[in-house]
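Coordinates in review
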Amino acid sequence: MKRMIITIGRQSGSSGRKVGELLAERLSLPLYGKAELQKIAEGTEDYEEVQSFYEEEPVNSLLYAIAMSQFEQEVGRIPFRRIRELASKESCIIIGRCAGHIFREDPEAVRVFIHADPKIRVQRIMEREGLSETKAKKFLEDTDSRRASFHKYYTKQEWGLAQDYELCLDSGVLGIEGTVEVLTEYLRFRGFLGNE
């Protein structure tokens, strides 16, 4: 198998994490999402500086924003570098964390965005989180809004635009297994996988 970095951006309730987990299992690749990246970063000297990035939270402090306006190009420098270093060691799958942006010019990267109809996403959140429909809708809106502002803060670009990804898949239409199947075939088509 040729070296590859698969980045998965995802809407809340689209099951992008689950797709990543199943794909990682199928391809025997490490998967890095919030928990995995936080664990790697814990104990490093600059953990506090990158903690909000790994938690996928934009920095909201007015004072921090004023201070950073003088060093705008520095925003994301350390966590972006850490993620690049991690992916330089082995093939992997990275969930969220602006990874599609980080690897946008890397020929060994496949940038994927998983989405689904809001009704399907609400239903999945209701089942996964044990929430009422009203609370699941709010959870979905809050999570997507947070991800959009996080992405904008670190990349200065809009989140979820098709042109920023190589492949956009509707897990509501394909189902979770079907999404993994299409992704696997796409990786084969791109020459990352053999024809086994």
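Residues numbered from 1 in each chain as written. Predicted model: local features only at pLDDT ≥ 70, side-chain atom pairs only at ≥ 80, totals over all residues. Heavy atoms only, no water.

Topic: the pairing of strand β4 (residues 109-115)
- By the criterion of burial, β4 is predominantly enclosed, with 6 of the 7 residues buried.
- Where strand β1 (residues 5-10) lies against β4, 6 bridges are found, and the strand directions are parallel. The partner of I6 across the bridge, within β4, is V110. (Buried < 20%, exposed > 50% of the residue type's maximum accessible area, 1.4 Å probe, protein only. Helix = DSSP H or I, 4+ residues; strand = E, 2+ residues; numbered from the N terminus. Pairing = 2+ DSSP bridges.)

Re the nonpolar core
- In this structure, M4, I6, L23, L27, I93 and L187 are the most contacted members of the largest nonpolar core, which totals 23 residues.
- Contributions of two or more residues to this core are made by β1, α1 (16-27), β3 (92-95), β4, β5 (167-170) and α9 (171-189).
- In terms of residues, this core owes the most to one element, α1, which gives 5 residues.
- Counting 18 residues, the second largest nonpolar core, distinct from the first, contains L37, L86, A87 and A99. (Core = buried A, V, L, I, M, F, W, Y, C linked by side-chain atoms within 4.5 Å.)

Some words on the packing of aromatic side chains
- For the structure shown, the criterion picks out 6 aromatic pairs.
- Here the aromatic rings of Y153 and Y154 are separated by 4.9 Å at their centres, their planes lie at 85°, and the arrangement is edge-to-face.
- Residue class for Y153 comes out buried when judged on its relative accessible area of 17%.
- In this structure an aromatic cluster arises from ring pairing among F80, F150, Y153 and Y154.
- One residue, K156, lies across the ring of Y153, its end atom 5.5 Å from the ring centre. (Phe/Tyr/Trp six-rings, centres within 6.5 Å; stacked < 30°, edge-to-face > 60°. Lys NZ or Arg CZ within 6 Å of the ring centre and 35° of its normal.)

So, the pattern of salt bridges
- Counted according to the given criterion, the structure contains 12 salt bridges.
- Of the charged contacts in the structure, one is a salt bridge between E108 and R3, with a shortest N-O distance of 2.1 Å. With E108 in the loop between α6 (99-102) and β4 and R3 in the segment before β1, the pair connects residues that are 105 residues apart, well separated along the chain.
- A salt bridge links R81 to E85; its shortest N-O distance comes to 3.4 Å. (Salt bridge = Lys/Arg side-chain N within 4 Å of Asp/Glu carboxyl O.)

Here's the deal with the environment of I5
- Relative to the assigned elements, I5 resides in strand β1.
- Judged by its relative accessible area of 0%, I5 is buried.
- Residues I5 and A99, 94 residues apart in the sequence, show an inter-C-alpha distance of 9.4 Å.
- Each residue touching I5, except ones within four places of it in the same chain, is listed here: A87, C92, I94, F103, D106, E108, A109 and V110. (Contact = heavy atoms within 4.5 Å.)

Quick notes on the sheet that holds β3
- Read from one edge of the open sheet, 5 strands run β2-β3-β1-β4-β5, paired in parallel fashion. At either end of the open sheet lies a strand with only one pairing partner, and these are β2 (31-32) and β5.
- As defined by bridge partners, β1 adjoins β3 across 4 bridges and the pair is classed as parallel. Within the sheet, the bridge partner assigned to I6 lies in β3 and is I93.
- The strands touched by α9 within the sheet are β1, β4 and β5, with β5 carrying the most contacts at an inclination of about 150°. (Axes fitted to C-alpha atoms, helices over the stretch in contact; angles between N-to-C directions.)

Observations regarding the packing of α1 against α9
- Packing of α1 against α9 brings their axes to within 9 Å, and their N-to-C directions diverge by 50°. Compared by their axis directions, α1 and α9 come out oblique. Both α1 and α9 take part in a crossing whose hand is right-handed. Residues K18, V19, L22, L23, R26 and L27 of α1 form the contact with α9, whose own contacting residues are I176, E177, T179, V180, E181, L183, T184 and L187.
- Of the residues in the contact of α1 with α9, the class split is 8 nonpolar, 2 polar and 4 charged. (Parallel < 35°, antiparallel > 145°, perpendicular 65-115°, else oblique. Left-handed = near helix turned anticlockwise from the far one by under 90°. Nonpolar A, V, L, I, M, F, W, Y, C, P; charged D, E, K, R; others polar.)

Some thoughts on the packing of helix α7 (residues 118-129) against helix α8 (residues 133-155)
- At their nearest, the axes of α7 and α8 sit 9 Å apart, and the two run at 110° to each other. Classified by the angle between their axes, α7 and α8 sit roughly perpendicular to one another. Residues P118, R121, V122, I125, M126, R128 and E129 of α7 touch α8, and the partners they reach there are E133, A136, K137, F139, L140 and D144.
- Here the residues of the contact of α7 with α8 are counted per class, giving 7 nonpolar, no polar and 6 charged.

Bear in mind that shape data such as this cannot, by itself, settle questions of function.
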